[in-house]
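Here's the letter readout for the chains.
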Amino acid sequence: MKLQWSLLFGLLFAIIIALFAIYNVDTVPVNYVFGTAQWPLILVILGSALLGVLLSGSVAIYRSFVLSRKVKHLEKELEKKEATIGVLQNEVVAYKEKTVEFFEEPVTIKDENSTI
């Protein structure tokens, strides 16, 4: 559902940009660092929108890559800790079995009145 809303808003934004660009077809000067050129305003608007999409998309891809690496690292760390917990639980069970075996032998205490 979220993807559908994103697609709908993207399409609406593209239509607004296209309408804005169609109504602005005059040539305008574009100043570069190394010179000036005359471009139709429609190309300037669409080029700016395209550069914005490419820039934000590349930032999103980079963040996704960094987060996926972090998730993989944390999953490996979790597996190590789960293995350590398993080993410790086995040691606890083995220790409890030894203590139970140690106390299972009958204990006799000689008292003047009775034997337990």
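Residues numbered from 1 in each chain as written. Predicted model: local features only at pLDDT ≥ 70, side-chain atom pairs only at ≥ 80, totals over all residues. Heavy atoms only, no water.

Caption draft 1: Geometry of the overall build of the protein chain. Secondary structure summary: the protein chain contains two helices and two strands in total. In sequence order, the secondary structure elements of the protein chain are arranged as α-β-β-α. Every one of the 116 residues in the protein chain was classed for burial, and the buried ones make up 3%. Across the protein chain, contacts joining residues at least 24 apart in sequence account for 17% of those joining residues at least 6 apart. When the accessible area of the protein chain is evaluated, it comes to approximately 11,100 Å², of which 68% is carbon and sulfur surface. (Helix = DSSP H or I, 4+ residues; strand = E, 2+ residues; numbered from the N terminus. Buried < 20%, exposed > 50% of the residue type's maximum accessible area, 1.4 Å probe, protein only. Contact = heavy atoms within 4.5 Å. Areas by Shrake-Rupley, 256 points an atom, 1.4 Å probe, with all protein chains shown as cover.)

Caption draft 2: Structural context of the confidence of the model for the protein chain. A residue-level look at the protein chain finds 84% of positions with pLDDT of 70 or above and a mean pLDDT of 84. Of all the helices and strands in the protein chain, helix α1 (residues 2-22) carries the lowest mean pLDDT, 84, while strand β2 (residues 36-40) carries the highest, 91. (pLDDT = per-residue confidence, 0-100.)

Caption draft 3: Representation of the pattern of salt bridges in the model. All chains considered together, the criterion is met by one salt bridge. Of the charged contacts, one joins Glu77 and Lys81 as a salt bridge, the two residues approaching to 3.6 Å between their closest N and O atoms. With Glu77 and Lys81 both in helix α2 (residues 41-103), this residue pair falls four residues apart, about one helical turn. (Salt bridge = Lys/Arg side-chain N within 4 Å of Asp/Glu carboxyl O.)

Caption draft 4: Seen up close, a nonpolar patch on the surface. Among the surface-exposed residues, Met1, Trp5, Leu8, Phe9, Leu12 and Ile16 lie close enough to one another that they form a single nonpolar patch of about 680 Å² accessible area. Owing to a relative accessible area of 45%, Trp5 belongs among the partly exposed residues under this scheme. (Patch = residues over 30% accessible without salt bridge, like charges linked within 9 Å, V, L, I, M, F, W, Y side chains within 5 Å.)

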